[in-house]
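These are the residues of each chain, in order.
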Amino acid sequence: MKRIVLFIATNLAVMLVLSIVLSLLGIGRPGAGGNLEMGSLLAFSLVVGFTGAIFSLLISKPMAKWSTGARVIETPSSSTELWLVNTVKALSERAGIGMPEVAVYDGEPNAFATGAFKNSAMVAVSTGLLQNMNRDEVEAVLGHEVAHIANGDMVTMTLIQGVVNTFVVFLARVVGFFVDKVLLKNERQGTGIGYMATVFVCELVFGLVASLIVAWFSRQREFRADAGSAKLLGSSVPMQRALARLNGMEPGALPQSIAAAGITNRGGWGALFSTHPPFEQRIAALRSVQS
């Protein structure tokens, strides 16, 4: 879960900063004649929208390491670390992806996978997860994270985030133009303060609405990753047990930038903003396809 929240937060921050800077430079604003040039605006919106999403994707792994303090296992120092590395290696081979980095970080039960590319990703688990789950359950969680990587979830998330960003930037400026020219009746060439203020407010409001779409997609990919774990392990039972165990624990909080990438998320944003479905729904979905 950590990975996704950090991804979304970084993306929105980059998008807003880039949008404000370019607008102050006069790029992306209505032309000198006061006309809204839709073609130019759409191109501007695409650049701003996808720049934030792509930048967030490219820095996702180093950002996750920094925000969680995850330590990559270079040389296993214990039987547990050796088991972790060997298990991730076996799961990755079954999934047909390159061996991810394997990391451990201090914290309450949670895990996440991150990285811009399938063959250079990272899987990290918390010490709390290792201490409170048996190896079958931990293996199921690792299978879930490897499935995220194999499904290309971060790239897909980037594309979806880029598209919704584009609409946010585009629609905010259309509304800003309408407010400035129609409601405030600004007849000067160019735009006034009403345009800038409206664009800023609309980007925040539309960005909030866009996050509902991203959160909905994130919930769907959790079901797919659960099913992917069941496929990799040859049974859905270990994943069901892992989810049931997590349901009885207090999950570890992940940084907002990567929260959607975790195995669990109990944020207080409410169901519509949650990046993960309820445990009961996930277990029920696994039971419906139990082998």
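Nothing here was measured: the structure is a model prediction, and the numbers come from that model.

Points about the packing of helix 9 (residues 237–247) against helix 10 (residues 279–288)
Point 1. In the contact formed by helix 9 and helix 10, the axes pass within 10 Å of each other and the chain directions differ by 165°. Classified by the angle between their axes, helix 9 and helix 10 sit roughly antiparallel to one another. Crossing handedness for the pair helix 9 and helix 10: left-handed. Counting all contacts with helix 9, which are made through Met239, Gln240, Leu243, Ala244, Leu246 and Asn247, the residues of helix 10 involved are Phe279, Glu280, Arg282, Ile283, Leu286 and Arg287.
Point 2. Residue composition of the contact of helix 9 with helix 10, by class: seven nonpolar, two polar and three charged.

Looking at the environment of Phe206
Point 1. In this fold, Phe206 is placed in helix 8 (residues 193–233).
Point 2. Accessibility expressed as a relative area gives 25% for Phe206, which makes it partly exposed.
Point 3. Here the alpha-carbon distance between Phe206 and Val168, two residues 38 residues apart in the chain, equals 5.6 Å.
Point 4. With near-sequence residues (within four places) excluded, Phe206 lies in contact with Val168, Leu171, Ala172 and Val175.

Describing the packing of aromatic side chains
Point 1. Counted according to the given criterion, the structure contains one aromatic pair.
Point 2. Here the aromatic rings of Tyr105 and Phe112 are separated by 5.7 Å at their centres, their planes lie at 45°, and the arrangement is tilted. Phe112 matches Tyr105 in its accessibility class, with the two residues each being buried.

Focus on the nonpolar core
Point 1. Within the largest apolar cluster, 31 residues are counted, with the highest numbers of intra-cluster contacts made by Leu84, Val125, Leu129, Met133 and Leu142.
Point 2. Examining the composition of this core, we find that six residues originate from one element, helix 6 (residues 135–150), more than from any other.
Point 3. Counting eleven residues, the second-largest nonpolar core is a separate cluster that includes Leu36, Val169, Tyr195 and Val199.

Here we look at the sheet that holds strand 4 (residues 122–126)
Point 1. Judged by pairing direction, the sheet is mixed, and its four strands sit side by side in the order 1-2-4-3 without closing on themselves. Edge positions in the open sheet fall to strand 1 (71–72) and strand 3 (111–114), since each of these has one partner strand only.
Point 2. Relative to strand 4, strand 2 (residues 101–105) runs parallel, the two being bridged by five bridges. What sits directly across from Ala103, in strand 4, is Ala124.
Point 3. Across the face of the sheet, helix 3 (residues 60–68) comes into contact with strand 1, strand 2, strand 3 and strand 4 while running at roughly 150° to strand 3.
Point 4. Each of strand 1, strand 2 and strand 4 touches helix 4 (residues 79–95); the most contacted strand, strand 2, lies at about 140° to it.

What counts and how
Residues numbered from 1 in each chain as written. Predicted model: local features only at pLDDT ≥ 70, side-chain atom pairs only at ≥ 80, totals over all residues. Heavy atoms only, no water. Axes fitted to C-alpha atoms, helices over the stretch in contact; angles between N-to-C directions. Helix = DSSP H or I, 4+ residues; strand = E, 2+ residues; numbered from the N terminus. Parallel < 35°, antiparallel > 145°, perpendicular 65-115°, else oblique. Left-handed = near helix turned anticlockwise from the far one by under 90°. Contact = heavy atoms within 4.5 Å. Nonpolar A, V, L, I, M, F, W, Y, C, P; charged D, E, K, R; others polar. Buried < 20%, exposed > 50% of the residue type's maximum accessible area, 1.4 Å probe, protein only. Phe/Tyr/Trp six-rings, centres within 6.5 Å; stacked < 30°, edge-to-face > 60°. Core = buried A, V, L, I, M, F, W, Y, C linked by side-chain atoms within 4.5 Å. Pairing = 2+ DSSP bridges.

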